[in-house]
Amino acid sequence: MSHRFDPSSLREYDIRGIVGETLAEADAYAIGRGFGTRIRRNGGTRAAVGYDGRVSSPSLEAELVRGLTEAGVDVVRVGLGPTPMLYYAEAILEVDGAVQVTGSHNPSEYNGFKMVLAHAPFYGADIQDLAELARDGDWETGAGTVTSYAILDDYVARLVRDYDSGPFRIGWDAGNGASGEVIEKLVKLLPGTHKTIFTEIDGSFPNHHPDPTEEKNLADLKRLVLDNKLDFGLAFDGDGDRIGAVDGQGRVVWGDQILSILALPLLEALPGATIIADVKASQMLYDRIAELGGTPCMWKTGHSLIKTKMKETGAPLAGEMSGHIFFAKDYYDFYGFDDAQFAAIQLIRAIAAQGGSLAGLRDAMPALVNTPEMRFQVDESRKFAVVDEVLDRLEADGATVDRTDGARVNTPDGWWLLRASNTQDVLVARAEANDQAGLDRLLAMIDAQLAASGLKRGSQAAH
């Protein structure tokens, strides 16, 4: 027996596609057989499985479980919830791997699979290995058992275990994603006044797309905060591993700004600690970490890559512009993964420790002018080649270039970035300057480099 995946579904960090087009129940079964085989050959016997609130998730989960058990792996089903709840299950239960059925922050027609093997990210070559195992039918066989474990209440209790801050007036937008029930239970355990919206889990996402990195998706949360005179608001993506925030004035607080707020209490407790951020983050963040006596580390975009770098450097805290915030086990007594619900609790504590006003903390940040993440389509065969061409031209011209992940170029006006997405046929650009005139000059540099490679910035591509 063999199986072939649609190549477009094999991403760098997970397997993801459009249900009925590039992803089907047969793929879920093959993932179960292949991942179960990897668990068995790694000396393991048990896996935890969870799923998000998408319409297609229950049927995909059932086929995934069938594949795992037919590979001889015992399955512990933890049910419907956010991806971090599945990560939590993998950390505390006696299992050797875990799979979450989730389309993450993608539109409702998407779904996919995020995996953890032996407490480590399963990505890159591991994903390709599943495809090879399926193609060759090189699967273990057996008859695993299936049990269920109701972990949601344990997970919520763990989120608030160390909460020690006073009351706030907070708005919460779950975006009809998988975090809805967790958020409703969480706010009942926190002091203060809490207003929740869109906590009913609905895989059609009837109110707005569940991606807090796009400002248009925060319109309802802004309205909730302003109409109710709340202190701030928090938002979550479709599977609860990315956080968004708005302050009491309805202004967005982006991922790198959230990380800069979390940096102070961390560095007071651990002077000199390393804090990691991805290459899309503001220079303000790196400067702030250094100013507080920490060690800033710029690293590649991608949750699996960040988690791996955290282990390598011993960093207790890391984050991405996309709203993934990572907490290391050693300091936070957490579990070393990205969890938007835990990030919310830590952000509330950090705001309380720094005067109690998110708007005030935002006002104190440098007034820089920057672009959002600009994403535009490019042929898959060209995306990495274009970045290499840009790097060659820049270095021939003597430019100051950081090659951590694509080309990040420093100039007297500020910086600009061009990188290839690891998961889509997309180029990503961003720029930041001290004023609009400087930003315009940086954008002109990006456009000139693209033109030299026969491209131009097109319409914004979806995540």
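It should be emphasised that the depicted structure is a prediction, and the values quoted were computed from it without experimental measurement. (Residues numbered from 1 in each chain as written. Predicted model: local features only at pLDDT ≥ 70, side-chain atom pairs only at ≥ 80, totals over all residues. Heavy atoms only, no water.)

K.L.:
Quick question: what am I supposed to make of the overall build of the protein chain here?
P.N.:
The number of helices and strands found in the protein chain is 15 helices and 22 strands. In terms of overall dimensions, the protein chain has a C-alpha envelope of 65 × 55 × 40 Å along the principal axes. When each of the 463 residues of the protein chain is scored for burial, the buried share is 58%. Summed over its atoms, the accessible surface of the protein chain is roughly 17200 Å², and 48% of this surface lies on carbon and sulfur atoms. Here the protein chain contributes 45 positive and 68 negative side-chain charges, whose respective centroids are spaced 1 Å apart. (Helix = DSSP H or I, 4+ residues; strand = E, 2+ residues; numbered from the N terminus. Buried < 20%, exposed > 50% of the residue type's maximum accessible area, 1.4 Å probe, protein only. Areas by Shrake-Rupley, 256 points an atom, 1.4 Å probe, with all protein chains shown as cover. Lys, Arg positive; Asp, Glu negative; His and termini not counted. Charge placed at Lys NZ, Arg CZ, Asp CG, Glu CD.)

K.L.:
Just checking my understanding: could you explain the sheet that holds strand E15 (residues 317–319) for this structure?
P.N.:
Sheet strands associate in pairs through backbone hydrogen bonding, adopting either a parallel or an antiparallel arrangement. With mixed pairing, the 4 strands of this open sheet are ordered in space as E14-E13-E15-E16. Two strands bound the open sheet, and with one partner strand each, they are strand E14 (295–299) and strand E16 (325–327). Along the sheet, successive strands turn relative to each other by an average axial angle of 20°, direction set aside. Sheet topology places E15 next to E16; 3 bridges connect them, and they run antiparallel. Each residue of the ladder has a partner; that of Leu-317, found in E16, is Phe-327. Sheet strands in contact with helix H9 (residues 283–291) are strand E13 (274–278) and E14, and its direction is about 155° off that of E14. Packed onto the sheet, helix H10 (residues 303–313) meets E13, E14, E15 and E16 and runs at close to 160° relative to E13. (Pairing = 2+ DSSP bridges. Axes fitted to C-alpha atoms, helices over the stretch in contact; angles between N-to-C directions. Contact = heavy atoms within 4.5 Å.)

K.L.:
Looking at this structure, I do not really get helix H7 (residues 219–227). What am I missing?
P.N.:
Given 3.6 residues per turn, any residue in an α-helix points the same way as the ones three and four places further on. Leu-221, Lys-222, Leu-224 and Val-225 are the residues of H7 that are buried. Take H7 and look down its axis: the buried residues cluster within an arc of 160°, on one side only. Positioned one or two residues after H7, Lys-229 has a phi angle of 50°, which is positive. (Arc of directions from axis to C-beta.)

K.L.:
Help me understand the pattern of salt bridges in this model?
P.N.:
Any two side chains of opposite charge can pair if their charged atoms end up close together. Scanning the model with the defined rule gives 36 salt bridges in all. With a closest N to O distance of 3.0 Å, Lys-309 and Glu-312 form a salt bridge. In this pair, Lys-309 and Glu-312 are both assigned in helix H10, 3 residues apart and thus about one turn of the helix distant. Connected via shared salt-bridge partners are Arg-40, Arg-41, Asp-138 and Glu-140. (Salt bridge = Lys/Arg side-chain N within 4 Å of Asp/Glu carboxyl O.)

K.L.:
Can you help me understand the nonpolar core in this one?
P.N.:
Soluble, globular proteins show a tendency: their nonpolar side chains are buried together. With 70 residues, the main nonpolar core has Trp-172, Leu-186, Leu-234, Ile-261, Leu-317, Ile-325 and Ile-348 as its most contacted residues. The residues touching Leu-186, leaving out its near neighbours within four places in the chain, are Val-156, Leu-159, Val-160, Trp-172 and Ile-345. Listed in part, the 30 residues of the second largest apolar core include Ala-30, Val-49, Leu-60 and Val-99. (Core = buried A, V, L, I, M, F, W, Y, C linked by side-chain atoms within 4.5 Å.)

K.L.:
Is there a simple way to think about helix H3 (residues 83–92) in this case?
P.N.:
Among the 10 residues in H3, 8 count as buried, and that is most of the element. Buried within H3 are the following residues: Thr-83, Pro-84, Met-85, Leu-86, Tyr-87, Tyr-88, Ala-89 and Glu-90.

K.L.:
For this particular structure, what's the right way to read the side chain of Asp-413?
P.N.:
You can see Asp-413 is positioned in the loop between strand E20 (407–411) and strand E21 (414–420). Polar side-chain contacts of Asp-413 include one of 2.8 Å to the side chain of Arg-441. Aside from chain neighbours lying at most four places away, what touches Asp-413 is Glu-432, Ala-433, Asn-434, Gly-438, Arg-441 and Leu-442. (Polar contact = N/O pair within 3.5 Å; in protein donor to acceptor, adjacent residues only side chain to side chain.)

K.L.:
Before we go on, may I ask you to explain the pairing of strand E3 (residues 74–80) in this structure?
P.N.:
The side chains of a regular strand alternate between both faces of the sheet. Note: strand E2 (residues 46–51) against E3, 6 bridges, orientation parallel. By the bridge assignment, Tyr-51 is partnered in E3 with Leu-80. Regarding the hand of the β-α-β motif, the stretch spanning E2, helix H2 (residues 57–70) and E3 is right-handed. (Right-handed = clockwise from strand over helix to strand, strands pointing away.)

K.L.:
How should the packing of aromatic side chains be read in this particular structure?
P.N.:
To describe a pair of aromatic rings, one takes the distance between the centres and the angle between the planes. Counting across every chain of the model gives 7 aromatic pairs. A ring pair is formed by Trp-172 and Phe-236, whose centres lie 6.1 Å apart and whose planes are at 5°; its orientation type is stacked. Here the residue Trp-172 occupies a position in strand E8 (residues 168–173), and Phe-236 occupies one in strand E10 (residues 232–236), the gap between them amounting to 64 residues. With relative accessibility at 0%, the residue Trp-172 sits in the buried group. It is Lys-309 that lies over the ring of Trp-299; its NZ or CZ is 3.9 Å from the centre. Looking at Arg-408, its charged tip hangs above the ring of Trp-415, at a distance of 3.7 Å from the centre. (Phe/Tyr/Trp six-rings, centres within 6.5 Å; stacked < 30°, edge-to-face > 60°. Lys NZ or Arg CZ within 6 Å of the ring centre and 35° of its normal.)

K.L.:
Teacher, can you tell me more about the environment of Asp-136 here?
P.N.:
Of note, Asp-136 is situated in helix H4 (residues 125–136). Considered as a pair, Asp-136 and Gly-67 are 69 residues apart in the sequence and their alpha carbons are 16 Å apart.

K.L.:
In this structure, what is going on with the pairing of strand E22 (residues 426–433)? I would like to understand it.
P.N.:
Summarising burial for E22: 8 of the 8 residues are buried, a large majority. Alternating positions in E22 separate into two faces, Val-426, Val-428, Arg-430 and Glu-432 on one and Leu-427, Ala-429, Ala-431 and Ala-433 on the other, with burial throughout. In this sheet, E22 lies alongside strand E17 (residues 369–370) in antiparallel orientation, the contact comprising 2 bridges. In the strand pairing of E22, Val-369 is matched with Ala-433. As paired strands, strand E18 (residues 374–377) and E22 are joined by 4 bridges and run antiparallel to one another. Along E22, the bridge assignment pairs Arg-375 with Val-428. As consecutive antiparallel partners, E21 and E22 are separated by 5 residues.

K.L.:
Could you clarify how one ought to interpret the sheet that holds strand E11 (residues 243–247) in this entry?
P.N.:
Judged by pairing direction, the sheet is mixed, and its 5 strands sit side by side in the order E9-E8-E10-E11-E12 without closing on themselves. Two strands lie at the open edges of the sheet, namely strand E9 (192–197) and strand E12 (252–253), each paired on one side alone. Each of E8, E10 and E11 is contacted by helix H12 (residues 340–353), which is oriented at about 160° to E10, the strand it contacts most.

K.L.:
Help me understand the environment of Ala-385 in this model?
P.N.:
Within the element layout of this structure, Ala-385 appears in helix H14 (residues 383–396). The partly exposed category is assigned to Ala-385, whose relative accessible area is 29%. Separated by 355 residues in sequence, Ala-385 and Ala-30 have C-alpha atoms that sit 33 Å apart.

Note that every value here comes from positions in space, so none of it alone points to a role or purpose.
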